[in-house]
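What the coordinates show
Here's the letter readout for the chains.
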Amino acid sequence: MLDFGGQYNQLIARRVRENSVFAEIIPYNRITVSEIKARGYRGVIFTGGPNSVYDAQSPHYSPEILDAGVPVLGICYGCQLIAYMGGGEICSADGISEYGKTQVAVKPSPLFDGVPGTSICWMSHTDYVKTPPEGFEIIAETANCPCAALSDSGRKIYGVQFHPEVTHTEYGRKIIENFVINICGCAGDWTTDDFIETSVKKYREELKGKKVLCALSGGVDSSVAAVLLHKAIGSNLICVFVDHGLLRKDEGDMVERVMKEEMGLNVLRIDARERFLSKLAGVTLPEEKRKIIGTEFIRVFEDAAKEIGKVDVLVQGTIYPDVIESGKGDAAVIKSHHNVGGLPDVIRFEKIVEPLRDLFKDEVRAAGRKLGIPEYLVSRQPFPGPGLAIRIIGEVTKEKLDILRESDAIFREEIALAGLSGEINQYFTVLTNCRTVGVMGDAGTYGYTLALRAVTTDDFMTADFARIPFDVLAKASGRITNEVRSIGRVVYDITAKPPATVEWE
Ligand code: XMP
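How each quantity is defined
- Residues numbered from 1 in each chain as written.
- Predicted model: local features only at pLDDT ≥ 70, side-chain atom pairs only at ≥ 80, totals over all residues.
- Heavy atoms only, no water.
- Axes fitted to C-alpha atoms, helices over the stretch in contact; angles between N-to-C directions.
- Helix = DSSP H or I, 4+ residues; strand = E, 2+ residues; numbered from the N terminus.
- Parallel < 35°, antiparallel > 145°, perpendicular 65-115°, else oblique.
- Left-handed = near helix turned anticlockwise from the far one by under 90°.
- Contact = heavy atoms within 4.5 Å.
- Nonpolar A, V, L, I, M, F, W, Y, C, P; charged D, E, K, R; others polar.
- Expected span 1.5 Å × (residues − 1).
- Buried < 20%, exposed > 50% of the residue type's maximum accessible area, 1.4 Å probe, protein only.
- Arc of directions from axis to C-beta.
- Near = heavy atom within 4 Å.
- Polar contact = N/O pair within 3.5 Å; in protein donor to acceptor, adjacent residues only side chain to side chain.
- Areas by Shrake-Rupley, 256 points an atom, 1.4 Å probe, with all protein chains shown as cover.
- Salt bridge = Lys/Arg side-chain N within 4 Å of Asp/Glu carboxyl O.
- Phe/Tyr/Trp six-rings, centres within 6.5 Å; stacked < 30°, edge-to-face > 60°.
- Lys NZ or Arg CZ within 6 Å of the ring centre and 35° of its normal.

Details of the packing of helix H5 (residues 192-206) against helix H6 (residues 220-233)
Direction vectors running N to C along H5 and H6 enclose 55°, while the axes themselves pass 8 Å from each other. The pairing of H5 with H6 is recorded here as oblique in orientation. Regarding H5 and H6, the two cross each other, and that crossing is right-handed. When H5 is examined against H6, the residues Phe195, Ile196, Ser199, Val200, Tyr203 and Arg204 are found in contact with a partner set consisting of Leu228, Leu229, Lys231, Ala232 and Ile233. When the residues that make up the contact of H5 with H6 are grouped by side-chain class, the tally is eight nonpolar, one polar and two charged.

Things to note about the packing of helix H13 (residues 398-417) against helix H14 (residues 470-483)
Relative orientation of the contacting elements H13 and H14 amounts to 150°, with a least axis distance of 9 Å. Between H13 and H14, the crossing angle belongs to the class labelled roughly antiparallel. Crossing of H13 against H14: the hand is right-handed. Two secondary-structure elements touch here, H13 through Ser407, Ile410, Phe411, Glu413, Glu414 and Leu417 and H14 through Val472, Lys475, Ala476, Arg479, Ile480 and Glu483. Across the contact of H13 with H14, the residue classes tally to six nonpolar, one polar and five charged.

Topic: H14
Here H14 contains 14 residues, and its C-alpha end-to-end distance of 20 Å stays within 8% of the 20 Å for a straight helix at 1.5 Å per residue. Among all positions in H14, only Val472, Leu473, Ala476, Arg479 and Ile480 are buried. Buried residues of H14, viewed axially, fall in a sector of 135°; they line one side. The outward face of H14, more than 90 degrees from its buried face, is lined by the exposed residues Phe470, Asp471 and Asn482. Where H14 is buried, its residues meet H13, strand E18 (443-456) and strand E20 (487-492).

Some thoughts on the site of the ligand
The environment of the ligand is formed by 13 residues, the closest being Arg290, Gln426, Lys497, Val502 and Glu503. Between the ligand and arginine 290 there is a distance of 2.7 Å, counted from an oxygen atom to a side-chain nitrogen or oxygen. Within the complex, the protein chains bury 78% of what would otherwise be the 500 Å² of accessible surface of the ligand. Residues belonging to the shell around the ligand are distributed by class as follows: five nonpolar, five polar and three charged.

Some points on the pattern of salt bridges
Within this structure, the stated rule accounts for 38 salt bridges. The partner of lysine 310 in a salt bridge is aspartate 312, and the shortest N-O contact between them spans 2.7 Å. You can call lysine 310 exposed: its relative accessible area is 63%. If you follow the salt bridges from partner to partner, you end up with Asp243, Asp253, Glu256, Lys260 and Arg269 in one network.

Let's talk about the packing of aromatic side chains
Under the criterion given, the structure shown has 11 aromatic pairs. Each ring, one from phenylalanine 4 and one from tyrosine 77, has its centre 5.8 Å from the other, and the planes form 55°; the classification is tilted. Of this pair, phenylalanine 4 sits in the loop between strand E1 (2-3) and helix H1 (9-17) while tyrosine 77 sits in helix H3 (residues 77-85); the two residues are 73 residues apart in sequence, bridging distant segments of the chain. What makes phenylalanine 4 buried here is its relative accessible area of 3%. When its relative accessible area of 1% is taken as the criterion, tyrosine 77 is described as buried. Between phenylalanine 22 and tryptophan 190 the ring centres are 5.3 Å apart and the planes differ by 50°, which places this aromatic pair in the tilted class. Placement of phenylalanine 22 in the loop between H1 and strand E2 (26-27) and of tryptophan 190 in the loop between helix H4 (172-183) and H5 is noted, with a sequence separation of 168 residues between them. Among the residues examined, phenylalanine 22 registers a relative accessible area of 33% and is labelled partly exposed. An aromatic cluster of three or more residues is present, and its members are Phe4, Tyr28, Phe46, Tyr61 and Tyr77. One residue, arginine 17, lies across the ring of tyrosine 320, its end atom 5.2 Å from the ring centre. Here the guanidinium or amino end of arginine 467 rests over the ring plane of phenylalanine 465, the centre of that ring lying 4.0 Å away.

Thoughts on unusual backbone geometry
Cis geometry is found at the peptide bond from lysine 497 to proline 498, where omega equals -15°. Within the secondary structure layout, proline 498 lies in the segment after E20. With an omega of 10°, the peptide bond running from proline 498 to proline 499 counts as cis. By the secondary structure assignment, proline 499 is in the segment after E20. Unusually for a residue other than glycine, serine 20 sits at a positive phi of about 60°. Examined against the element boundaries, serine 20 turns out to sit in the loop between H1 and E2.

This is the structure:
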């Protein structure tokens, strides 16, 4: 996929991979047509993007791609770019955008195999193709967009103005399947099994006789990376698990037990709870907290590495979205445990390996399951590196951490009891620094306000608050105010992202 800056790019890659076809996203200016041919790609997708093809600054690509013998599918901006490269005419609808669910009528085409004559698609554009280039025909239209899709089926070049990758496009998945399987001729045989087998074989040879270090954070990515490497090199892998005391209730013990006892890994757990707490004393600004936690983590890791002695290789749990988000199409050399800072120069590694750098989160989870990691660890919701410290507004203290941990455990339990854990992508509690007046028995109280946060999202870039039934909220609130000392009031955060973020800090 050539990336022209569209917001749904990761989603397009996901959809391609749902067909068991490997896809990677490359910035459009990082690969030439001859490289595309030489590397043997079976097809190219031009992503959407925010620009207008006639703008001087807009991203362009060599028109030679249209004659390279490789099928091309352009989406939104990518469709306009194909038309532009072929000599067609693009028009701006004078600031009037076509946005949202739209009825689209399609003509018979290999791209629309199995797609009914009319269906719903998702539009989000201002410019549109007015005249397709010579040799192209219009294969779809909407009421406001005379050319909603175009094709030159001889050269296997296709463009769609709408977004097949979003779920609002009823037959979007079918369209992408038609492109990758029927038009590009991909076999659709890329599986997680292959991934595990190939990686184990590769690292067994590559890391033979080397001492390898892995920082376990307790999260899914580093756990899967560690278990995979353990399968390849056994006891030559040493895992360091820094317990910073900012994990959820019982989480540290659970990770240690599973990794050590169930998976048989060599785990060194370092109790650094006091160290982190004393560094965080008196600190109230979120960014400062993040920096302190990142730096302290490095110090603790550094001390542990010194004790272990010479280590040749470091394992990182970098996954594909991290690679893309680094914006360079190339992972930053170090993704530290907390996504802040980096490991210090004093720890020298011959090499860094990132076994998961081609996988999306759900593929990492699938690999984890295949590797035998228990479901409750593999399917856990995301948890930020700085942990509970960014869910306590203001200063972090042991007392506040205990309050937050208890309330969070109750909320998670109630969500699970209501059968909602599979539907909500992230849910947790936030200890606001705000005390409010209340009444308990005959006495007045002045306890903390606790916020419940729960979101649904595809990619965490945007999110909506989860529509949790009132009885579930009522039960959670009742239990929290009864069972957790110092909480006098519970509120539910009903803000989407944007304008808010998922976390409160
Ligand atoms: P926001 O709050 O930015 O969160 O909407 C989006 C996702 O990122 C997680 N998050 C973090 N993860 N270090 C991390 O490793 C951080 O500093 C951090 N801040 C937010 C958040 O939990 C959500 O899943």
